[in-house]
Amino acid sequence: MTKHWFTCKVKYVRHDAEGAEVKATESFVLDAYNYTEAESRMTGICEQEGIRPFEIVQITKSNLVEVIRFDDADQWFKVKIALTSLDEKAGKEKESYQHILLSATDVRDAYDKVRQHMSKVGVGFVIPSVIFQKITEVFPLEEEGGSHALHGAPDLAAEPEAV
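Since we're looking at a predicted model, the values are computed, not measured.

## Section: the packing of aromatic side chains
(1) Moving on: For the coordinates displayed, the defined rule picks out three aromatic pairs.
(2) Moving on: Plain terms: the ring middles of F28 and F139 are 6.0 Å apart, the flat faces sit at 40° to each other, and that makes the pair tilted. Linking F28 in strand 2 (residues 21-32) with F139 in strand 8 (residues 137-139), this pair joins segments that are 111 residues apart in sequence. Each member of the pair, F28 as well as F139, is classed as buried.
(3) Moving on: Between F77 and F132 the ring centres are 5.7 Å apart and the planes differ by 70°, which places this aromatic pair in the edge-to-face class.

## Topic: the pattern of salt bridges
(1) Moving on: For the structure on display, the rule yields six salt bridges.
(2) Moving on: Among the salt bridges present, the one from E137 reaches R69, with a minimum N-O distance of 2.7 Å. Taken together, the residues E137 in strand 8 and R69 in the loop between strand 4 (64-68) and strand 5 (75-87) connect sequence positions 68 residues apart.
(3) Moving on: The class for R69 is buried, based on a relative accessible area of 14%.
(4) Moving on: The partner of K113 in a salt bridge is D109, and the shortest N-O contact between them spans 3.1 Å. Pair noted here: K113 and D109 are both in helix 2 (residues 107-118), with a separation of four residues, about one helical turn.

## Here's the deal with the sheet that holds strand 4
(1) Moving on: The strand order across the open sheet built from four strands is 4-6-5-7, with neighbouring strands paired in mixed fashion. Each end of this open sheet is capped by a strand with a single partner; those strands are strand 4 and strand 7 (124-133). Within this sheet the neighbouring strands show an average axis-to-axis angle of 25°, counted without direction.
(2) Moving on: Two strands pair when backbone bridges link them, and strand 4 and strand 6 (residues 92-104) are joined in this way by four bridges, in the parallel orientation. In the strand pairing of strand 6, E66 is matched with I100.
(3) Moving on: Seen against the sheet, helix 2 touches strand 4, strand 5, strand 6 and strand 7 and runs at an angle of roughly 125° to strand 6.

## Describing unusual backbone geometry
(1) Moving on: Of the consecutive residues R52 and P53, the connecting peptide bond is found in the cis state with omega at -15°.
(2) Moving on: Tracing the chain through its elements places P53 in the loop between helix 1 (35-49) and strand 3 (54-61).

## Quick look at the environment of M42
(1) Moving on: Relative to the helices and strands, M42 resides in helix 1.
(2) Moving on: In this structure, the C-alpha to C-alpha distance between M42 and F6, residues 36 residues apart in sequence, is 10.0 Å.
(3) Moving on: Every residue in contact with M42, bar those within four places of it in the chain, is listed here: C8, V10, F28, L30 and I56.

## Here's the deal with the confidence of the model for the protein chain
(1) Moving on: Residues of the protein chain with pLDDT of at least 70 account for 87%, and the chain-wide mean is 85.
(2) Moving on: Counting contacts from residues 143-160, a segment whose pLDDT is below 50, to residues more than four positions away or on other chains yields 38 contacts.

The rules we used
Residues numbered from 1 in each chain as written. Predicted model: local features only at pLDDT ≥ 70, side-chain atom pairs only at ≥ 80, totals over all residues. Heavy atoms only, no water. Phe/Tyr/Trp six-rings, centres within 6.5 Å; stacked < 30°, edge-to-face > 60°. Helix = DSSP H or I, 4+ residues; strand = E, 2+ residues; numbered from the N terminus. Buried < 20%, exposed > 50% of the residue type's maximum accessible area, 1.4 Å probe, protein only. Salt bridge = Lys/Arg side-chain N within 4 Å of Asp/Glu carboxyl O. Pairing = 2+ DSSP bridges. Axes fitted to C-alpha atoms, helices over the stretch in contact; angles between N-to-C directions. Contact = heavy atoms within 4.5 Å. pLDDT = per-residue confidence, 0-100.

Right under this line is the structure:
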């Protein structure tokens, strides 16, 4: 089975600075094998984080191929990457698209981080868009033998770990 990234929207009541109750809807990203596991994980995360009462109002499978967390940033950006490859049969260049979610301080920082990350791939690429995402937190599934989460800002000269 293949893991997928899911975006979960959770509606709950929180308290503001004055102590008044405020209704909030926040988006979380997590990886799971299917919708049932995504809902189960999101329920567990909400209970663990003390979010009560809550309602999971939407779960959407995303088209992300990779999630990269840098400790020096807490804003999330979805970056569309156009990869160029040569179709041997037709003798033409072919473009395929991938989406990466990464944390960065701003659009320029996200662009620079993806450019540096992709420069090691050795395939022609173009970054047609970098879009801010209103995501509260990303919860990668930790597997035996290691974590998918990248903890700590990597040395940008070194390859960052993928989530």
